[in-house]
Amino acid sequence: MSNAERHGLIAKAVMDSGGATVQQLAELTGASEMTIRRDLDVLAGQGVLERVRGGARTLLLRGEEPPFALRSNESVDAKRRIAAEVSALIADGETVLLDSGTTCLEVARLLRERPVTVMPLSLQAIHLLGETPGPATLVVPGGQPRAAEGALTGPLTLASLAALRFDTAVLGCCGLSAADGLTAYDLDEAAVKKAAITSSRRVVLATDGSKFGRTAYAYVGPSTLLHTLVTDTTAPTEELAAVESAGTVVKTV
């Protein structure tokens, strides 16, 4: 088991149960208690959990968004397959609006090698696209980054979106269901997603199967706003069928 896999397993166990001891986590992962203590220190430094005597406890309240550091270690292979499919849907020369989130960051890794124009909505993707000169053209929006997450929100972000038109918007989500549509954890983030949809000719949602059936706090819109949905094989078939029957093209990787 790699460090990233073990960190993801530890973080999920602590989040699901509210807390765990070093001994419990050692038994779960097969690692030594000394290794688990080091892992907990690393995860606490990333804001994933809180270190307590003898173990750790979650920092998340029910319904809160898991931190970026935790999500970046979840379903990595699936997110990369999804990103490859999304990149294949985008033609050279397109203008692309790229949402925040871990799956969209994987899309950014591929688009930086393409002759496309990209406006990312997160500091992580802006840094990734700007760190090495390449064929992609980077456009940077205004806005205020959310702490730790790096997602850009606020009046300046909305003004940037209103001033431009894009061939394709690649969105992520916190929750998706045929009944409740697309949802986000944060009202400001939901407003940005709505503006992204309005400013784009085509909307592609990139999300792994874990987001299906979830309903987060802030409503973005119905699934019928999506032209294409790209997901992985863990997505529930009944939800995919319902979304597809409403007119969205569904691609499973």
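The preceding data block contains the structure.
Remember, it's a predicted structure, so these values are computed and weren't measured experimentally.

Reading the values: the criteria
Residues numbered from 1 in each chain as written. Predicted model: local features only at pLDDT ≥ 70, side-chain atom pairs only at ≥ 80, totals over all residues. Heavy atoms only, no water. Helix = DSSP H or I, 4+ residues; strand = E, 2+ residues; numbered from the N terminus. Contact = heavy atoms within 4.5 Å. Lys, Arg positive; Asp, Glu negative; His and termini not counted. Charge placed at Lys NZ, Arg CZ, Asp CG, Glu CD. Patch = residues over 30% accessible without salt bridge, like charges linked within 9 Å, V, L, I, M, F, W, Y side chains within 5 Å. Areas by Shrake-Rupley, 256 points an atom, 1.4 Å probe, with all protein chains shown as cover. Salt bridge = Lys/Arg side-chain N within 4 Å of Asp/Glu carboxyl O. Pairing = 2+ DSSP bridges. Axes fitted to C-alpha atoms, helices over the stretch in contact; angles between N-to-C directions. Core = buried A, V, L, I, M, F, W, Y, C linked by side-chain atoms within 4.5 Å. Buried < 20%, exposed > 50% of the residue type's maximum accessible area, 1.4 Å probe, protein only. Arc of directions from axis to C-beta. Polar contact = N/O pair within 3.5 Å; in protein donor to acceptor, adjacent residues only side chain to side chain.

1. Overview of the overall build of the protein chain
Looking only at helices and strands, the protein chain has 10 helices and 15 strands in total. Dimensions along the principal axes, computed over C-alpha positions, put the protein chain at roughly 55 × 45 × 30 Å. For the protein chain, restricting intrachain contacts to residue pairs at least 6 apart in sequence, the fraction spanning at least 24 positions comes to 58%. Each charge class in the protein chain was averaged separately, 24 positive and 29 negative side chains, and the resulting centres sit 2 Å apart.

2. Looking at a nonpolar patch on the surface
A cluster of nonpolar side chains, contributed by M1, L9 and L28, occupies part of the molecular surface with about 280 Å² of accessible area. Within the secondary structure, L9 sits in helix α1 (residues 3–17).

3. Here's the deal with the sheet that holds strand β1 (residues 19–21)
With antiparallel pairing, the three strands of this open sheet are ordered in space as β1-β3-β2. The strands lining the two open edges of the sheet, one partner per strand, are β1 and β2 (49–52). On average, each strand axis in the sheet is tilted by 20° relative to the strand beside it, whichever way the strands run. Two strands pair when backbone bridges link them, and β2 and strand β3 (residues 55–58) are joined in this way by four bridges, in the antiparallel orientation.

4. Description of the nonpolar core
By size, the foremost hydrophobic cluster in this structure holds 29 residues, and its most contacted members are L97, L161, L171, L176, L182, L205 and L229. Looking at this core, the elements that each hand over two or more residues are β9 (166–171), β11 (181–184), α9 (187–198), β12 (200–206), β13 (218–221) and α10 (237–245). Here this core gets five residues from one element, more than from any other, and that element is α9.

5. Observations regarding the sheet that holds β12
In a beta sheet, neighbouring strands pair by backbone hydrogen bonds and run either parallel or antiparallel. Reading across from one edge, β6-β5-β4-β9-β12-β14-β15 is the order of the seven strands in this open sheet, with parallel pairing throughout. In the strand order of this sheet, the two ends are held by β6 (137–138) and β15 (249–252), each with one partner. Judged from the four bridges that link them, strand β4 (residues 95–98) and strand β5 (residues 117–120) form a sheet pairing that is parallel. For T95, the partnering residue across the bridge sits in β5 and is T117.

6. Comments concerning α10
For an α-helix the count is 3.6 residues per turn, leaving residues at separations of three or four pointing the same way. Residues E239, L240 and V243 constitute the buried set of α10. The buried residues of α10 occupy one face: seen down the axis, they fall within an arc of 100°. For α10, the exposed residues set more than 90 degrees away from the buried face come down to T237, E238 and S245. Residues of α10 that are buried in the fold lie against β10 (175–177), β14 (228–231) and β15. The positive-phi residue at the C-terminal boundary of α10 is G247, with phi of around 115°.

7. Notes on the environment of K79
Secondary-structure assignment places K79 in helix α5 (residues 76–89). Along the sequence, K79 and A56 sit 23 residues apart, while their C-alpha atoms lie 28 Å from each other. Within the local environment of K79, its side chain forms a polar contact with the side chain of T102, the two groups lying 2.8 Å apart.

8. Some words on the environment of L171
Relative to the helices and strands, L171 resides in strand β9. It is 35 Å that separates the C-alpha atoms of L171 and I36, two residues lying 135 residues apart in sequence. Excluding its chain neighbours within four sequence positions, the residues that come into contact with L171 are D99, C104, L182, K193, A196, I197, V203, V204, L205 and A206.

9. A word on the pattern of salt bridges
The final tally for this structure, using the stated rule, is 14 salt bridges. We note a salt bridge from R80 to E106, for which the minimum N-O separation is 3.7 Å. On the criterion of sequence distance, the pair formed by R80 in helix α5 and E106 in helix α6 (residues 102–111) is long-range, its members being 26 residues apart. Residue class for E106 comes out buried when judged on its relative accessible area of 13%. The shortest N-O distance in the salt bridge between R114 and D92 comes to 3.0 Å. With R114 in the loop between α6 and β5 and D92 in the loop between α5 and β4, this pair connects stretches of sequence that are 22 residues apart. Judged by its relative accessible area of 52%, D92 is exposed. Through salt bridges with shared partners, one network takes in D99, R146, E189 and K193.

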